[in-house]
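Structural features, examined
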Amino acid sequence: MTFEATTSFAEISATEEQYQLATYKKMPVAVERGDGVWIYTSDGEKYLDLYGGHAVAGTGHCHPHVVKALREQSEKLLFYSNLVFSETRARAAEKLVSLAPPQLTKAFFCNSGTEANENAMRIARMFTGREKIITFSGGFHGRTADAISATFLGKYRDIGKPNVPGHIEAEFGNIESVRALADGTVAAVMLEPIQSMAGVRMAEAAYYRELRTLCDEREIVLIYDEVQTGVGRTGDWFFAGSSAGDGVVPDIVTLAKALGSGVPVGACLVTDAIADKIKENDLGTTFGGGMLAMAAVTATLEAIENDKMLANVKNAELHLRERLNEVEQVVAVHGRGLLLGLEFPNKAVPIHQGLLERKIITGTSSDARVLRLLPPLCLKTPEIDLFVATLESVLAQAN
Ligand SMILES: Cc1ncc(COP(=O)(O)O)c(C=O)c1O
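The text that follows walks through the structure, step by step, so that each part is easy to find. (Residues numbered from 1 in each chain as written. Predicted model: local features only at pLDDT ≥ 70, side-chain atom pairs only at ≥ 80, totals over all residues. Heavy atoms only, no water.)

Comments concerning the site of the ligand
The ligand sits among Ser112, Gly113, Thr114, Asn117, Phe140, His141, Gly142, Glu192, Asp225, Val227, Gln228 and Lys257. Thr114 is positioned with one of its backbone polar atoms (N or O) 2.8 Å from an oxygen atom of the ligand. Within the complex, the protein chains bury 81% of what would otherwise be the 390 Å² of accessible surface of the ligand. Among the elements that line the shell around the ligand, the one with the most residues is helix α5 (residues 113–128), at three residues. Partitioned by chemical class, the residues of the shell around the ligand number two nonpolar, seven polar and three charged. (Near = heavy atom within 4 Å. Polar contact = N/O pair within 3.5 Å; in protein donor to acceptor, adjacent residues only side chain to side chain. Areas by Shrake-Rupley, 256 points an atom, 1.4 Å probe, with all protein chains shown as cover. Helix = DSSP H or I, 4+ residues; strand = E, 2+ residues; numbered from the N terminus. Nonpolar A, V, L, I, M, F, W, Y, C, P; charged D, E, K, R; others polar.)

Below is the structure:
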């Protein structure tokens, strides 16, 4: 079947449902085109995207600088593997490392968040010669075998049965629960510094320092899963090194989501000490570091820099918090930058639904009362005002 511009939602959704496994509960929207914070559907409707295509559209949909770079790269070379050198890859690695905290000096490229986490855990085991990994209740790290075994959140771990052995669960925000588990058999402590799926949960800055100190004392590798918090989302390039985490820099940072503006790409950033221990053939993947993905990485980072999006994230957060202060039913706003969880007294699903009916896309979370916002980093005041006004009308109608 070929789709004309006029193909209706009914035809598209029926065809997808016929030929694609039904593994996601989909919104009744068939996307056709995107521009910044807006998504346009096959039925000619326009939606404000405060979900950012699952936190991927950091630079906004189809940022012209990224599109141009991809167009130019696609005319030169789509792909070659890590068996050859490439200027496109060299530039991407240099740019990414140059923006990271100075302790993180080398990148390993892969294709997704779960793959970045699998590799981070493997690196930690190789580095320490130990096997166990401590992760946290509420954390989400992906769906491949090791990453899902590290995910102590709802049903996910059970989906991955039989789980990889050696994964142990600590309580997020409670240093004593980590201390009790962190013996000489533990290779790594891995955490989402802001737990997104759990309802955008963040710890006190001092907690991250305590984790760093504990890992140093016991020679354990500290891994930040920055698949969501990385690449500008919190208003800093990374949570690693930011004031929200008391300047703590882990030994490994994992990235994906917004790193390629929609082109699949993941990465692990590591310290010199770790890089020195990794040898040929220890890690690998055919597609990691391919030219199209690398062009996307460089252009994504440049777009964020050129458009001063980090400053915009901070301003947008301030304005959102100010405006949401006026909305009585919003009992708390969790998170940082443009990774925010709006807490309501009751279930957030009807609010998500009401917003969707009024053409605003948001996200839910595993905390039933929390609505998640993960918009493009270029979100501006008029769109925030539109969101708050629409939210108020949804809430008014619900009462
Ligand atoms: C914090 C975190 N880590 C890892 C992943 C897995 O990433 P991917 O879906 O690219 O494998 C996700 C995905 O939602 C995530 O939010």
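Brief notes about the packing of aromatic side chains
What the rule picks out here adds up to eight aromatic pairs. Summarising the aromatic geometry, the rings of Tyr207 and Tyr208 are spaced 5.8 Å apart at their centres and angled 70° between planes, so their arrangement reads as edge-to-face. Given a relative accessible area of 3%, Tyr207 falls into the buried group. The rings of Phe136, Phe172, Tyr207, Tyr208, Tyr224 and Phe239 are connected pair by pair, giving a single aromatic cluster. The ring centre of Trp38 lies 4.3 Å from the NZ or CZ of Lys46, which sits over that ring. (Phe/Tyr/Trp six-rings, centres within 6.5 Å; stacked < 30°, edge-to-face > 60°. Buried < 20%, exposed > 50% of the residue type's maximum accessible area, 1.4 Å probe, protein only. Lys NZ or Arg CZ within 6 Å of the ring centre and 35° of its normal.)

Notes on the environment of Leu356
Relative to the helices and strands, Leu356 is located in helix α13 (residues 349–357). Sequence separation between Leu356 and Pro264 is 92 residues, and the spatial gap between their C-alpha atoms is 27 Å. What Leu356 contacts, discounting residues up to four positions off in sequence, is Met27, Pro28, Val29, Tyr47 and Ile361. (Contact = heavy atoms within 4.5 Å.)

Section: the pairing of strand β13 (residues 332–336)
For β13 and strand β14 (residues 339–343), the ladder comprises five bridges, and the chain directions are antiparallel. Of the residues in β14, the one forming a bridge with His334 is Gly341. Taking the residues that link successive antiparallel strands as the turn, the β13-β14 hairpin has two residues, and the phi of Gly337 there is positive, at about 60°. (Pairing = 2+ DSSP bridges.)

Topic: the pattern of salt bridges
Overall, the coordinates contain 18 salt bridges when judged by the stated rule. For Glu305, the salt bridge identified is with Lys95, shortest N-O distance 2.7 Å. With Glu305 in helix α11 (residues 291–306) and Lys95 in helix α4 (residues 87–99), this residue pair connects regions lying 210 residues apart in the sequence. What makes Glu305 partly exposed here is its relative accessible area of 35%. When salt bridges with common partners are traced through the structure, they connect Arg212, Asp216 and Asp251 into a single cluster. (Salt bridge = Lys/Arg side-chain N within 4 Å of Asp/Glu carboxyl O.)

Describing unusual backbone geometry
Here the residue pair Lys161 and Pro162 is connected by a cis peptide bond, since its omega of 0° sits within 30 degrees of zero. In this model, Glu219 sits at a positive phi of 50°, which is unusual for a non-glycine residue. Of note, Glu219 is situated in the loop between α9 (205–217) and β10 (221–225). Residue Glu219 is classed as exposed on the basis of its relative accessible area of 59%. The backbone of Val231 sits at a positive phi, close to 60°, despite the residue not being glycine. Secondary-structure assignment places Val231 in the loop between β10 and β11 (252–255).

Structural notes on the sheet that holds strand β2 (residues 38–41)
On the basis of which strands lie adjacent, the open sheet formed by four strands has the order β1-β2-β3-β15 and mixed pairing. Looking at strand neighbours, the two that pair on one side only are β1 (31–35) and β15 (360–361), the edges of this open sheet.

A closer look at the packing of helix α12 (residues 309–325) against helix α14 (residues 381–398)
Remark: α12 packs on α14, axes separated minimally by 10 Å, with the N-to-C direction vectors making an angle of 25°. With respect to α14, the element α12 is oriented roughly parallel. For the pair α12 and α14, the crossing hand works out as right-handed. On α14, the residues that touch Ala316, His319, Leu320, Arg323 and Leu324 of α12 are Thr381, Ile384, Asp385, Phe387, Val388, Leu391 and Glu392. In the contact of α12 with α14, the residues fall into seven nonpolar, two polar and three charged. (Axes fitted to C-alpha atoms, helices over the stretch in contact; angles between N-to-C directions. Parallel < 35°, antiparallel > 145°, perpendicular 65-115°, else oblique. Left-handed = near helix turned anticlockwise from the far one by under 90°.)

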